[in-house]
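Coordinate analysis (summary)
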Amino acid sequence: MASEIKVKVIHKEIIKPSSPTPHHLKNTSLSVFDQITSEVYVPVLLFYPISSDEVINNIDHHSLFAEKSNLLKISLSEILTHFYPWAGEFVYNSSISCNDQGATFVEARVNCPISQILGQPDLGIQKQLVPNDIECRTKSGKGYLLLVQANFFECGGVAIGVSISHKIGDAYTLSKFINSWAAIALDSTTTTDVLPPAQFENCVTRTLVFDASNIAALKSKAASATVPNPTRVEVVSALIWKCMMEASRSNLGFVRPSSWCQFVNMRKVLVKHSADDLVGNFFGHFVAKTEESEVDHDVQSLVAKMRKSFEELKWVDVLQLCKELGELIGKVDVDNYCSTSLCRFPFYKANFGWGKPSWMSMPAGAVEIKNIISLMDVRDGNGIQARLSLKAEDMAIVESNRELLTYASLNYEVRHKLIPKL
């Protein structure tokens with residue numbers, strides 16, 4: 001029997017910017033997007049198996065860990081001079097005091113090879129690989145906005161967990177930060193393009209993987225005269241939505257209206273020039289709906305609803321959208337599903353000097369929220385991994401849905417190989 005996997009924190013410290021923030025930049029106002037964003041943390045995990053060079057050279061793991069940890073801390077200190085608000089603290093819900101308070105850096109050891117985690121991904125273990133915002137607080141009880149945890153495996157592999165307060169950035173901003181930080185660590189380029197309460201219930205979280213061939217088949221099934229070329233995200237989302245509605249109907253014994261709220265990177269929708277330089281929170285959403293009278297749905301019709309709602313998004317006032325979202329979530333007689341997609345965000349390009357990650361994951365937070373769906377690329381950029389959080393009775397039906405399992409794998413293995421340094 002395999003021994004219990006243990007993650008042991010061996011060191012914590014605060015990393016401050018390598019140079020003080022200038023006086024005229026000591027205060028950063030929160031945008032309207034930042035102000036309406038919940039005070040939750042967004043976690044990301046990047047896995048880096050030991051490189052072939054390190055295996056061939058038989059490098060001592062202890063010295064290797066010390067070298068990598070030092071590299072991460074020095075480069076983190078440098079990147080914080082560019083992302084200086086992330087080293088600050090909130091002032092009410094209006095601004096950030098850029099006081100160089102710093103970011104939390106945690107170092108941990110894992111008593112197993114990284115292949116054991118990748119071979120049988122476990123959400124419970126993944127949660128231990130990202131820093132906990134409750135445990136990473138100042139003496140006065142205030143939280144740090146950026147948390148980092150470097151996890152070193154007994155084989156020499158590394159997993160980097162990064163968690164940011166959602167109020168300082170969305171997934172696009174987080175991917176930009178990680179790649180900018182990695183570029184400094186790799187010393188390949190300089191980062192000149194960087195700019196500065198809900199009710200919870202006991203939920204079950206599962207991860208599904210849709211490979212490229214199954215997505216292609218699903219696209220063919222979902223294509224119609226209305227949407228002849230559906231996207232990966234549209235077809236996967238539509239199938240998941242369909243299965244969730246069927247589970248709700250089965251457990252309730254009747255049909256409820258439902259809504260699919262999809263968060264959207266507004267940089268690609270509203271801004272024409274220099275959109276990629278905008279960091280912070282800049283997202284909107286569209287809502288596709290089904291009515292109580294609509295009993296049977298197929299993937300094709302749900303894709304059409306999503307596409308129509310997305311196209312209407314371009315012409316709707318963003319503040320009005322935020323108001324409508326709040327009203328929608330407040331309804332108790334509607335099944336509301338909220339989805340966010342990190343597909344096409346370049347997390348898999350983050351090379352700190354020991355190759356690119358073999359896997360990227362977003363572990364659930366300390367408290368899981370029902371009816372939340374997160375979509376991410378698999379490493380090849382063509383498949384999708386989907387993380388679903390549902391009530392236990394709904395998940396029991398969804399994870400056994402035959403149509404869903406025709407296109408998705410529930411129990412999967414992260415295939416990886418030794419990656420040479422680039």
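Worth saying up front: this structure is predicted, and the values here are computed from it rather than measured.

So, on to the overall build of the protein. A tally of helices and strands in the protein yields twelve helices and 15 strands. When the accessible surface of the protein is summed, it comes to about 19,500 Å², and 52% of that surface belongs to carbon and sulfur atoms.

Here we take up the pattern of salt bridges. Summed over the entire model, instances satisfying the criterion amount to ten salt bridges. Here Glu-13 makes a salt bridge to Lys-73, at a shortest N to O gap of 2.8 Å. Taken together, the residues Glu-13 in strand β1 (residues 7-15) and Lys-73 in helix α3 (residues 61-79) connect sequence positions 60 residues apart. Residue Glu-403 is joined to Lys-242 by a salt bridge in which the shortest nitrogen-to-oxygen separation is 2.7 Å. Pair noted here: Glu-403 is in helix α12 (residues 402-407) and Lys-242 is in helix α8 (residues 232-252), with a separation of 161 residues, a long-range link.

This part is about the packing of helix α7 (residues 212-222) against α8. Contact pair α7 / α8: the axes reach a minimum separation of 9 Å and the direction vectors enclose 80°. Between α7 and α8, the angle falls in the class roughly perpendicular. Residues Ile-215, Leu-218, Lys-219 and Ala-222 of α7 form the contact with α8, whose own contacting residues are Arg-232, Val-235, Val-236 and Leu-239. Residues that form the contact of α7 with α8 fall into these classes: six nonpolar, no polar and two charged.

Let's shift gears to the sheet that holds strand β6 (residues 103-110). Sheet architecture is open: six strands sit in the order β1-β6-β7-β8-β3-β13, paired in mixed fashion. Each edge of the open sheet carries a strand with a single partner, namely β1 and β13 (359-361). Taking the axes of each pair of neighbouring strands and ignoring which way they run, one obtains an average angle of 15° across the sheet. Set on the sheet, helix α6 (residues 171-186) makes contact with β3 (41-48), β7 (146-153) and β8 (158-165); between it and β8 the angle comes to about 135°.

A separate point is the environment of Lys-73. Judged by its relative accessible area of 19%, Lys-73 falls in the buried class. On a C-alpha basis, the gap between Lys-73 and Ile-15 in space is 6.9 Å, while along the polypeptide they are 58 residues apart. Among all residues touching Lys-73, those that are not within four sequence positions of it are His-11, Glu-13, Ile-15 and Phe-105.

One can find Ser-248 in helix α8. Only 2.6 Å separates the side chain of Ser-248 from the side chain of Asp-335, close enough to count as a polar contact. Beyond its immediate chain neighbours, meaning those up to four positions away, Ser-248 contacts Gly-253, Phe-254, Arg-256, Asp-335, Tyr-337 and Asp-394.

We now examine the packing of aromatic side chains. Scanning the entire structure with this criterion turns up eleven aromatic pairs. Look at Phe-83 and Trp-86: their rings are 5.0 Å apart centre to centre, the planes differ by 65°, and that puts the pair in the edge-to-face class. What makes Phe-83 buried here is its relative accessible area of 1%. A relative accessible area of 4% places Trp-86 in the buried class. Where Trp-86 meets Phe-177, the ring centres are 4.8 Å apart and the plane angle is 35°; that geometry is what we call tilted. Within this pair, whereas Trp-86 is found in the loop between α3 and β4 (89-91), its partner Phe-177 is found in helix α6, the two being separated by 91 residues in sequence. Phe-177 shares its class with Trp-86; the two are buried.

Turning next to α7. Restricting attention to buried positions, one finds in α7 the residues Ile-215, Leu-218 and Ala-222. End-on view of α7: buried residues confined to an arc of 60°, all on one side of the axis. Within α7, the exposed residues directed more than 90 degrees away from the buried face are Ser-213 and Ser-220.

With that settled, consider the pairing of β6. Within a regular beta strand, the side chains point alternately toward one face of the sheet and then the other, so they alternate between its two faces. Of all eight residues in β6, seven are buried; the element is thus mostly enclosed. Note: β1 against β6, eight bridges, orientation antiparallel. From the neighbouring strand, His-11 faces β6, where its bridge partner is Glu-107. As defined by bridge partners, β6 adjoins β7 across seven bridges and the pair is classed as parallel. Bridging across to β7, Ala-108 finds its partner in Asn-151.

Structurally, Leu-174 can be placed in helix α6. When the C-alpha atoms of Leu-174 and Val-162 are compared, they prove to be 8.7 Å apart, with twelve residues separating the residues in sequence. With residues near it in sequence (within four places) discarded, Leu-174 still touches Val-42, Val-44, Trp-86, Val-162, Ile-164 and Phe-347.

Moving on to the sheet that holds strand β2 (residues 27-29). Strand order in the open sheet formed by three strands is β2-β5-β4, and the pairing between neighbours is antiparallel. Looking at the sheet topology across the chains shown, the edges are occupied by β2 and β4. Strand-to-strand twist across the sheet, computed as the mean angle between neighbouring axes with direction ignored, equals 35°. Pairing geometry for β4 and strand β5 (residues 95-97), over three bridges, is antiparallel. Within β5, the residue paired with Glu-89 across the bridge is Ser-97.

Reading the values: rules and limits
Residues numbered from 1 in each chain as written. Predicted model: local features only at pLDDT ≥ 70, side-chain atom pairs only at ≥ 80, totals over all residues. Heavy atoms only, no water. Helix = DSSP H or I, 4+ residues; strand = E, 2+ residues; numbered from the N terminus. Areas by Shrake-Rupley, 256 points an atom, 1.4 Å probe, with all protein chains shown as cover. Salt bridge = Lys/Arg side-chain N within 4 Å of Asp/Glu carboxyl O. Axes fitted to C-alpha atoms, helices over the stretch in contact; angles between N-to-C directions. Parallel < 35°, antiparallel > 145°, perpendicular 65-115°, else oblique. Contact = heavy atoms within 4.5 Å. Nonpolar A, V, L, I, M, F, W, Y, C, P; charged D, E, K, R; others polar. Pairing = 2+ DSSP bridges. Buried < 20%, exposed > 50% of the residue type's maximum accessible area, 1.4 Å probe, protein only. Polar contact = N/O pair within 3.5 Å; in protein donor to acceptor, adjacent residues only side chain to side chain. Phe/Tyr/Trp six-rings, centres within 6.5 Å; stacked < 30°, edge-to-face > 60°. Arc of directions from axis to C-beta.

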